[in-house]
Amino acid sequence: MTAPTPPSPHDLSVSLDLSGRTALVTGAAGGIGRACALRLAAAGAEVRALDRDADGLAALARRAEGLRGTVETRTLDLTDLDAAESAAAGTDVLVNNAGLQLVRPIQEFPPEAFHTVLTVMLEAPFRLIRGALPHMYARGWGRIVNISSVHGIRASAYKSAYVAAKHGLEGLSKTAALEGAPHGVTSVCVNPGYVRTLLVERQLADQAASHGLPEDRVLNEVMLREAAIRRLAEPEEVAEAVAYLCSPHASFITGTSVALDGGWTAH
């Protein structure tokens with residue numbers, strides 16, 4: 001039996017109007033971040049797209065031409081935490097998406113890489129939320145969507161930094177939800193399984209080496225082994241979930257995790 005065909009990237013099923021709202025998306029030059037930036041701009045938002053990949057941001061800006069909203073790109077390395085916090089000022093919708101991955105056994109994991117992963121994927125989201133909340137509180141409305149992972153709920157071997165960062169992000173998101181609720185601010189984690197992105201493609205060689213398998217077997221035998229729907233998710237599917245969480249119908253969803261994992265966590 002073949003897996004269901006994923007929806008078209010142009011099938012915008014969630015009714016959403018973000019006119020007059022400012023959204024910030026990190027890791028916006030590609031993959032999930034790019035899909036989220038385009039989706040929120042299509043809903044009328046003024047999107048601030050942050051990434052360290054200047055070429056990717058330029059390509060995003062070209063793709064955003066003609067949408068209802070706008071996309072303003074800014075090259076930023078999230079290890080510059082002060083700059084990250086400043087960039088979030090005046091934000092109504094914050095999508096913490098930026099991430100990086102290194103697959104190594106713990107005893108071989110470079111400590112400096114562990115530090116960098118946690119800086120980008122946990123400390124930077126804290127600083128971005130910190131920078132965004134004063135504006136959200138003043139307006140009595142805000143949406144924080146943290147792109148976590150199935151690895152925020154489950155662990156996998158050889159991904160100590162990524163799993164630690166995503167588990168930490170889950171706790172940060174819940175804390176922001178509890179503090180933000182009296183001010184009309186929600187905070188939710190979206191937890192995809194493996195998504196068709198460069199981050200996943202770059203893992204194939206590392207996973208093959210760690211598991212002693214050829215690369216052409218890694219996808220089905222390692223990455224998709226636990227999934228009921230045995231295909232990669234599309235970035236646009238994640239972006240549509242983000243859109244729903246920004247819609248009026250999702251105003252009661254906060255402090256939780258929304259799994260888009262093809263049934264992985266059903267086990």
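Scroll up to find the structure this text is about.
Residues numbered from 1 in each chain as written. Predicted model: local features only at pLDDT ≥ 70, side-chain atom pairs only at ≥ 80, totals over all residues. Heavy atoms only, no water.

**A look at the overall build of the protein**
Helix and strand content of the protein: nine helices and seven strands. Relative to the globule expectation of 18 Å for 267 residues, the C-alpha radius of gyration of the protein, 18 Å, shows essentially globular dimensions. Residues classed as buried in the protein amount to 50% of the 267 residues present. Of the contacts made within the protein by residues no fewer than 6 positions apart, 74% connect residues no fewer than 24 positions apart. (Helix = DSSP H or I, 4+ residues; strand = E, 2+ residues; numbered from the N terminus. Rg over C-alpha atoms; globule rule 2.2 N^0.38 Å. Buried < 20%, exposed > 50% of the residue type's maximum accessible area, 1.4 Å probe, protein only. Contact = heavy atoms within 4.5 Å.)

**Here's the deal with empty space enclosed by the protein**
What the rule picks out here adds up to one cavity of 30 Å³ or more. There is about 40 Å³ of room inside the largest cavity. Together, Asn96, Asn97, Ala98, Val120, Met121, Pro125, Ile147, Lys166 and Leu169 line the largest cavity. Of all the secondary-structure elements, those providing two or more residues to the lining of the largest cavity are helix 4 (111-139) and helix 5 (160-180). If one sorts the elements of the lining of the largest cavity by residue count, helix 4 sits on top with three residues. For the lining of the largest cavity, the per-class residue count stands at six nonpolar, two polar and one charged. (1 Å grid on protein atoms, 1.4 Å probe; cavity = no way out; pocket = protein on both sides within 12 Å on 5 of 7 lines; lining within 4 Å. Points joined across faces, edges and corners; volume = space filled by probe spheres on them. Nonpolar A, V, L, I, M, F, W, Y, C, P; charged D, E, K, R; others polar.)

**Observations regarding the layout of surface pockets**
Its boundaries defined by the atoms lining it, the largest pocket holds a volume of some 1000 Å³. Lining the largest pocket are 48 residues, and of these Ala98, Gly99, Leu100, Leu199 and Arg202 sit closest to its centre. Among the secondary structure elements, those contributing two or more residues to the lining of the largest pocket are helix 1 (31-42), strand 2 (46-51), helix 4, helix 5, helix 6 (198-201) and helix 7 (203-211). Considering only residue class, the lining of the largest pocket consists of 21 nonpolar, 16 polar and eleven charged.

**Some points on the pairing of strand 6 (residues 185-192)**
Buried residues dominate strand 6, accounting for eight of its eight residues. The alternating pattern of strand 6 places Val185, Ser187, Cys189 and Asn191 on one face and Thr186, Val188, Val190 and Pro192 on the opposite face, and all of these are buried. As paired strands, strand 5 (residues 142-147) and strand 6 are joined by six bridges and run parallel to one another. Its bridge partner being in strand 6, Ile147 is matched across the sheet by Val190. Of the crossover connections in this fold, the one passing from strand 5 over helix 5 to the parallel strand 6 is right-handed. Here strand 6 runs beside strand 7 (residues 257-260); their pairing, made up of four bridges, is parallel. Bridge pairing in strand 7 places Val190 opposite Val258. (Pairing = 2+ DSSP bridges. Right-handed = clockwise from strand over helix to strand, strands pointing away.)

**Looking at the pattern of salt bridges**
Inspection of the entire model under this criterion finds seven salt bridges. Between Arg39 and Glu240 there is a salt bridge, with the nearest N and O atoms lying 2.8 Å from each other. Of the two residues, Arg39 is situated in helix 1 and Glu240 in helix 9 (residues 235-245); the sequence distance between them amounts to 201 residues. Residue Arg39 shares its accessibility class with Glu240, and that shared class is buried. The shortest N-O distance in the salt bridge between Arg139 and Asp92 comes to 3.1 Å. Here Arg139 is found in helix 4, whereas its partner Asp92 is found in the loop between helix 3 (81-87) and strand 4 (93-96), with 47 residues between them in sequence. (Salt bridge = Lys/Arg side-chain N within 4 Å of Asp/Glu carboxyl O.)

**Concerning the environment of Gly142**
With respect to the element layout, Gly142 can be found in strand 5. Excluding its chain neighbours within four sequence positions, the residues that come into contact with Gly142 are Asp92, Met136, Gly184, Val185 and Thr186.

**Brief notes about the nonpolar core**
Grouped together as the largest cluster of nonpolar side chains are 38 residues, with contacts concentrated most on Leu16, Val25, Leu40, Val47, Leu60, Val95 and Ile147. Here the element with the most residues in this core is helix 1; it accounts for seven residues. Within the second largest apolar cluster, 31 residues are counted, among which are Ala88, Phe109, Leu128 and Ala132. (Core = buried A, V, L, I, M, F, W, Y, C linked by side-chain atoms within 4.5 Å.)

**Some thoughts on helix 5**
Residues spaced three or four apart along an α-helix point in a common direction, a consequence of the helix completing one turn every 3.6 residues. Helix length check: helix 5, at 21 residues, gives a terminal C-alpha distance of 30 Å against a target of 30 Å (1.5 Å per residue), a fit within 8%. For helix 5, the complete set of buried residues consists of Ala161, Tyr162, Val163, Ala165, Lys166, Leu169, Glu170, Leu172, Ser173, Ala176, Ala177 and Gly180. (Expected span 1.5 Å × (residues − 1).)

**What to know about the packing of aromatic side chains**
A complete count under the given rule lists two aromatic pairs for this structure. Arranged with centres 5.8 Å apart and planes meeting at 20°, the rings of Tyr194 and Trp264 form a pair that is stacked. Of this pair, Tyr194 sits in the loop between strand 6 and helix 6 while Trp264 is found in the segment after strand 7, placing the two residues 70 residues apart along the sequence. One exposure class covers both Tyr194 and Trp264, and it is buried. A cation sits over an aromatic face here: Arg21 above Trp141, 3.9 Å from the ring centre. (Phe/Tyr/Trp six-rings, centres within 6.5 Å; stacked < 30°, edge-to-face > 60°. Lys NZ or Arg CZ within 6 Å of the ring centre and 35° of its normal.)

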